[in-house]
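# Examination of the molecular architecture
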Amino acid sequence: LLMQGDMNLNVDCTVTMRRGNDLYACGHRFLMAGPVEFPFSPSRVMTVVPSLASSFKLDSPSAPVGSIRQDRFGAIYGVVGEKAPTIPVNVHVSSTLNRREDYHFDMVDQDSLTPLLLNLAIVNSISATERMTGPATISMKGNVKLSSGDSIDLEDIISSQMNAPAMAGLSASAPLNYLMASGFPDLKIDSIDLSISSTDENQSATIEQAWSTKSEVQPGDKIEVTAVLRTPWGESVVEKIPVEIPESVRDKMLSLVVGSGATINMLENRLAPLGSSPRDLHQLVRALNRMRRNNRLYALLMAPQSSFEMQ
């Protein structure tokens, strides 16, 4: 049982052997993930769909009765009577038509599957409440609560002519993917909560011009960056960003990049990947919470540093 509740996703196969509470099934791997903790349940086959290409069964699972412990090449192995840990997820969607729907489900806790399942859940929650095609702006806010007491803030605004729900799902699952790929042994997710609101118009803006009050600066100087944005309906919006030149700067050439949160995140991640530097879970959480939001304009000051590349 990969996902249970208002959304259900399960993988079915036949029991090969049961010896006491030990159970072997499938006769092949599922993901070849090795040690896992997935809940499993008995399932009733409703009908068989015959096909010359690939026949399959339609079935209906019941309540969980045990936990899958191993996913290996020759079979999956589980224990009847054990309870597998799951992550409770709450998604609240407010649509353009003044509808509000609440979705509650539990999903498995597994490094590679959990971010994918969250992405899938968000896209399906939006599609069940709101249209999937055409211009849309999706506002998302929520958090991932950890057993350590830390919390990762999820906040973003996605605006696009098409595929906005898919982009929203990716925006929420990307920080979770960084988190679960970290490999920290003390990582445990208590819950995930998300509030999503959608409007049926594209509210994205493009940068037409950007300039600073000075082109030559000294350490400690304070300058102001001005950017002119153009909205889809033709309006010009002026944004001003104060920038302070650090006292420690000794370089003769500085670069100033003005862009959206997504652009600055992509640039910083290319220069220094987020998952490569944190030394512990608390440091990683702080780094994830510092990620730029897509509804703001940022100015990033960069100084070239001597480096070398090894092949």
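Only a predicted model underlies this, so the values are computations on that prediction, with no experimental measurement involved.

## Considering the overall build of the protein
When you go through the protein residue by residue, the secondary structure sums to four helices and 18 strands. Radius of gyration (C-alpha) of the protein: 24 Å, far over the 19 Å computed for a compact globule of 311 residues. In terms of principal-axis extent, the alpha carbons of the protein reach across some 75 × 50 × 40 Å. Of all intrachain contacts in the protein linking residues separated by at least 6 positions in sequence, the fraction that spans at least 24 positions is 63%. In the structure as shown, the protein presents an accessible area of about 18,400 Å², 52% of it carried by carbon and sulfur atoms.

## A short note on the state of the cysteines
A full pass over the atoms with the stated rule returns one disulfide. Each sulfur in the disulfide pair C13 and C26 lies 2.0 Å from the other. Between C13 and C26 the sulfur-sulfur dihedral comes to about -70°; the bridge is accordingly left-handed. Linking C13 in the loop between β1 (3–5) and β2 (15–19) with C26 in the loop between β3 (22–25) and β4 (34–40), this pair joins segments that are 13 residues apart in sequence. Looking at C13, the relative accessible area reads 36%, which means it is partly exposed.

## Observations concerning the sheet that holds strand β10 (residues 100–108)
With mixed pairing, six strands are arranged side by side in an open sheet as β1-β10-β9-β13-β11-β12. With one partner strand each, in any of the chains shown, β1 and β12 (151–160) form the two edges of the open sheet. Neighbour to neighbour, the strand axes of the sheet diverge by 20° on average, direction disregarded. The sheet contact formed by strand β9 (residues 86–94) and β10 spans nine bridges and is antiparallel. Within β10, the residue paired with V89 across the bridge is F105. Helix α1 (residues 113–129) rests against β1, β9, β10, β11 (136–146) and β13 (189–199) of the sheet, and its axis sits at about 160° to β10. Strand contacts of helix α4 (residues 281–289): β11 and β12, with the helix running at about 25° to β12, the strand carrying the most contacts.

## Regarding unusual backbone geometry
Despite not being glycine, M32 shows a phi value in the positive range, around 60°. Of note, M32 is situated in the loop between β3 and β4. In this model, N163 sits at a positive phi of 65°, which is unusual for a non-glycine residue. Checked against the element boundaries, N163 lands in the loop between β12 and α2 (164–180).

## Some words on the pattern of salt bridges
Across all of its chains, the model carries eight salt bridges by this definition. D102 is paired through a salt bridge with R100; the nearest N and O atoms lie 3.6 Å apart. D102 gets classed as partly exposed once you look at its relative accessible area, which sits at 37%. For R100, a relative accessible area of 52% gives the class exposed. Close ionic contact of R230 with E208 constitutes a salt bridge, the shortest N to O distance being 3.0 Å. Residue R230 is located in strand β15 (residues 222–230), and its partner E208 is located in strand β14 (residues 206–212); the two are separated by 22 residues in the primary sequence. R230 sits in the partly exposed class, given a relative accessible area of 29%.

## Notes on the packing of α1 against α2
A pair of packed helices is captured by two measures, namely the crossing angle of their axes and the spacing between those axes. In the contact formed by α1 and α2, the axes pass within 8 Å of each other and the chain directions differ by 160°. Judged by the inter-axis angle, α1 sits roughly antiparallel to α2. α2 is crossed by α1, and the crossing has right-handed handedness. From α1, T114, P115, L118, N119, I122, V123 and I126 reach across to α2, where they touch P165, A166, A168, G169, L170, A172, S173, L176, N177 and M180.

Conventions adopted
Residues numbered from 1 in each chain as written. Predicted model: local features only at pLDDT ≥ 70, side-chain atom pairs only at ≥ 80, totals over all residues. Heavy atoms only, no water. Helix = DSSP H or I, 4+ residues; strand = E, 2+ residues; numbered from the N terminus. Rg over C-alpha atoms; globule rule 2.2 N^0.38 Å. Contact = heavy atoms within 4.5 Å. Areas by Shrake-Rupley, 256 points an atom, 1.4 Å probe, with all protein chains shown as cover. Disulfide = S-S within 2.5 Å. Buried < 20%, exposed > 50% of the residue type's maximum accessible area, 1.4 Å probe, protein only. Pairing = 2+ DSSP bridges. Axes fitted to C-alpha atoms, helices over the stretch in contact; angles between N-to-C directions. Salt bridge = Lys/Arg side-chain N within 4 Å of Asp/Glu carboxyl O. Parallel < 35°, antiparallel > 145°, perpendicular 65-115°, else oblique. Left-handed = near helix turned anticlockwise from the far one by under 90°.

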